[in-house]
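Spelled out from the first residue to the last, the chains are:
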Amino acid sequence: MQVKTILIADSGSTKTAWCLVENGHQRTFRTQGISPYFQTPAQVQQILQTELVSQDPALLKVEELYFYGTGLLAEANARMVEDALQAVFTNTNISVTHDLMGAARGLCGHNPGIVSILGTGSNSCYYNGTAIVKNNPGLGYILGDEGSGAYLGKHILQYYLYNSFDDELKFKFEAKFNTSRDEILENVYRKPLANRYLASFASFLSENRGHFLVENILEDGFNEFFFNHLYKYRESWTFPLHFTGGVASSFQDVLQELCNLYELQLGTIARSPLEGLVRYHSMLS
């Protein structure tokens, strides 16, 4: 029996992780994130050509491509990304769906659970083992995305610009980022990809754990996510809570503490669902 060659992508706003599965072997690739909210079809095609196919032109010969991406809950967005992929991978069978389904399949497989993405943005759902039954969608980095890198970064900048940091944190912030009020406002309000810019400040929290202001930002951000999203699913008290994304991976202890506090069962925390997606699709092929 000949096993199909498949390419799987897990794409957020900041980066896309790709895995080629061929003859039982796996190869991984990285490109910048692909989002229908921030890129045109032509820009998506350029990313595919210059950042992915340029690493190995043989990728164009894959038989099946499964793309899980941010912003693809809307049918028009999914169609745009699918068209851009098909323009590059002309002889490939392509399936495009949203990153939340990728997280659900990658973390839960065929078991039910509450699935959350905490990366540059945030999202959550109740997955019954087959389909996403309930989704309390995020509102993006301006109105929502509680618990995300963009949300946490926004609050770091608020603390700094409002002069709420003590001398220790203010010195560390200025030494690390060497920026100004005008530059910050320019990047947030005038330049593209402000969500990535905001999320780039989240590393400051990882580097200064233990400081009470840092812990306050983290606890407030994750509490907002639990209250506004996970509390909306009554299944949160029945099935385990799974998390994926760079923010979730970086602050696992805070998520564990909140699950203990609210008497919720913590499941898997993974930086990326890609490994689980490889297992999921390898079993189907």
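This text follows the structure it describes.
Going along each chain's sequence as written, the residues are numbered from 1 onward. Local features in this predicted model are restricted to residues whose pLDDT is 70 or higher, and side-chain atom pairs enter the listing and the counts only when it is 80 or higher, whereas totals over whole chains, interfaces and linings include all residues. Hydrogens and water molecules were not included; the side-chain quantities draw on all heavy atoms of the structure.

Q: Explain the sheet that holds strand β10 (residues 266–270) residue by residue, including any values.
A: Two strands make a pair as long as DSSP finds a minimum of two bridges between them. Labels follow the DSSP assignment, with helices taken as runs of H or I lasting at least four residues and strands as runs of E lasting at least two, numbered in each case from the N terminus. Ordered in space as β8-β7-β6-β9-β10, the five strands form an open sheet in which the pairing is mixed. Sheet topology places β8 (132–135) and β10 at the edges, where each strand pairs with a single neighbour. If you compare each strand with its neighbour and ignore which way they point, the axes differ by 20 degrees on average. Relative to strand β9 (residues 241–244), strand β6 (residues 113–118) is paired through four bridges, and the arrangement is parallel. Helix axes are fitted only over the stretch in contact, all axes being lines through C-alpha atoms; the angle between N-to-C directions runs from 0 to 180 degrees.

Q: So what about helix α6 (residues 167–177)? Which residues, and what values?
A: Buried, partly exposed and exposed residues are distinguished by accessible area as a fraction of the type maximum, computed with a 1.4 Å probe on protein chains only: under 20%, between the cut-offs, and over 50%, respectively. Here α6 has its buried residues at Leu169, Phe173 and Phe177. Relative to the axis of α6, the buried residues are bounded by an arc of 40 degrees and lie together on one face. Counted as exposed and oriented over 90 degrees from the buried face of α6: Asp167, Phe171 and Ala175. We call two residues in contact whenever any of their non-hydrogen atoms come within 4.5 Å of each other. Buried residues in α6 make contact with α5 (149–161), α9 (203–207) and α10 (212–228). Directions are taken from the helix axis to each C-beta atom, and the arc is the one they span.

Q: So what's going on with the state of the cysteines? Which residues, and what values?
A: Any covalent bond linking the sulfur atoms of two cysteines counts as a disulfide. Two cysteine sulfurs form what is called a disulfide whenever their separation falls within 2.5 Å. Summed over the entire model, instances satisfying the criterion amount to zero disulfides. With no disulfide partner, Cys125 has as its closest neighbouring cysteine sulfur the one in Cys108, 7.6 Å distant. For Cys125, a relative accessible area of 0% gives the class buried. Considering cysteine sulfurs only, Cys108 is the nearest to Cys259, which forms no disulfide, with 14 Å between them. Assessed through its relative accessible area of 0%, Cys259 is described here as buried.

Q: Describe a nonpolar patch on the surface, and please don't skip the residues or the numbers.
A: Patch membership requires more than 30% relative accessible area and the absence of a salt bridge. Residues of like charge join within 9 Å; the nonpolar side chains Val, Leu, Ile, Met, Phe, Trp and Tyr join within 5 Å. Computed by Shrake-Rupley with a 1.4 Å probe, the accessible areas treat only the displayed protein chains as cover when residues are assessed. The rule for a salt bridge is simple: a side-chain nitrogen of Lys or Arg has to be within 4 Å of a carboxyl oxygen of Asp or Glu. Together, Leu139, Ile142 and Leu143 line one region of the surface with nonpolar side chains, adding up to about 370 Å² of accessible area. Residue position: Ile142 is located in helix α4 (residues 140–143). What makes Ile142 exposed here is its relative accessible area of 61%.

Q: Let's hear about the packing of aromatic side chains: which residues, and what values?
A: Side-chain rings of Phe, Tyr and Trp, where Trp is taken by its six-membered ring, are said to pair if the distance between their centres is within 6.5 Å; with planes under 30 degrees apart they count as stacked, over 60 as edge-to-face, and otherwise as tilted. Across all of its chains, the model carries 18 aromatic pairs by this definition. Between the aromatic rings of Tyr159 and Phe165, the centroid separation amounts to 5.8 Å while the plane-to-plane angle is 50 degrees, which identifies the pairing as tilted. By relative accessible area, which is 18% here, Tyr159 ends up buried. For the ring pair Tyr231 and Tyr262, a centre distance of 5.4 Å and an interplane angle of 80 degrees mean the geometry is edge-to-face. Of this pair, Tyr231 sits in the loop between α10 and β9 while Tyr262 sits in the loop between α12 (252–261) and β10, and the two are 31 residues apart along the sequence. Residue Tyr231 is classed as partly exposed on the basis of its relative accessible area of 33%. The class for Tyr262 is partly exposed, based on a relative accessible area of 22%. Joined through ring pairs, the aromatic side chains of Tyr159, Tyr160, Phe165, Phe173, Phe177, Tyr197, Phe201 and Phe204 make up one cluster.

Q: Describe in detail the pairing of strand β5 (residues 93–98), supporting the description with residues and values.
A: The pairing of strand β4 (residues 64–69) with β5 spans six bridges and is classified as parallel. Of the residues in β5, the one forming a bridge with Leu65 is Ile94. Assessed by its sense of winding, the connection that carries the chain from β4 through helix α2 (residues 75–88) to β5 is right-handed. Looking down the strands as they point away from you, a crossover is right-handed if its path from the first strand over the helix to the second goes clockwise.

Q: How would you sum up the sheet that holds strand β2 (residues 15–22)? Please name residues and give values.
A: Across the sheet, five strands lie side by side as β3-β2-β1-β4-β5; this open sheet has mixed pairing. Every other strand in the sheet has two partners, leaving β3 (25–32) and β5 as the edge strands with one partner each. Looking at each pair of strands side by side, their axes are set apart by 15 degrees on average, direction ignored. Summarising the sheet, strand β1 (residues 6–11) and β2 pair through six bridges and their orientation is antiparallel. Looking at β2, one finds that Ile6 is bridged to Val21. Helix-sheet contacts for helix α1 (residues 41–52) involve β1, β2 and β3, and the interaxial angle to β3 is about 125 degrees.

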